[in-house]
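Observations on chain architecture
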Amino acid sequence: DIRFIPEDIAKKAELSYFDWREAESVYTFSKGGGRLEITPVFKRFSEENTPPTLYNHGFENMDSVGALYSRASSHIFGDWNACGKVMGLA
């Protein structure tokens, strides 16, 4: 069974000013019988701290590993959406 963090995400989303977004996910991968099976283990959600209508959808201000890369890419490349380049440098 997949685990959600926080477990009461639906209730928290109802009370949130902006919303909650998926921050991190963990999956297991297994290969058998010529098939690849992907099974979700858990998903952690983070409350949005800024309006999602911002130019970067508030992504830099999220509490997640991806947002950390996004903040670094803003400083290094001047582009919040160049986080994949930062991951490649890491």
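Up top is the structure these notes are about.
Everything numeric here is computed off the predicted structure, so don't read it as measured data. (Residues numbered from 1 in each chain as written. Predicted model: local features only at pLDDT ≥ 70, side-chain atom pairs only at ≥ 80, totals over all residues. Heavy atoms only, no water.)

1. So, helix α2 (residues 65-77)
Under the 1.5 Å per step criterion, the end-to-end length of α2 is 18 Å for 13 residues, consistent within 8% with the ideal 18 Å. Taken together, the buried positions of α2 are occupied by G66, A67, S70 and S73. For α2, the buried positions fall inside an angular range of 115 degrees around the axis, keeping them on one side. Away from its buried face by more than 90 degrees, α2 exposes L68, H75 and I76. The secondary structure elements touched by the buried residues of α2 are α3 (83-89). Phi turns positive one or two residues past the end of α2, at G78, with a value near 70 degrees. (Helix = DSSP H or I, 4+ residues; strand = E, 2+ residues; numbered from the N terminus. Expected span 1.5 Å × (residues − 1). Buried < 20%, exposed > 50% of the residue type's maximum accessible area, 1.4 Å probe, protein only. Arc of directions from axis to C-beta. Contact = heavy atoms within 4.5 Å.)

2. With respect to the pairing of strand β3 (residues 35-47)
Relative to β3, strand β1 (residues 3-5) is paired through three bridges, and the arrangement is parallel. From the neighbouring strand, R3 faces β3, where its bridge partner is F42. The sheet contact formed by strand β2 (residues 20-32) and β3 spans 12 bridges and is antiparallel. From the neighbouring strand, W20 faces β3, where its bridge partner is E47. Between β2 and the antiparallel strand that follows it, β3, lie two residues; G33 among them carries a positive phi value of about 60 degrees. (Pairing = 2+ DSSP bridges.)

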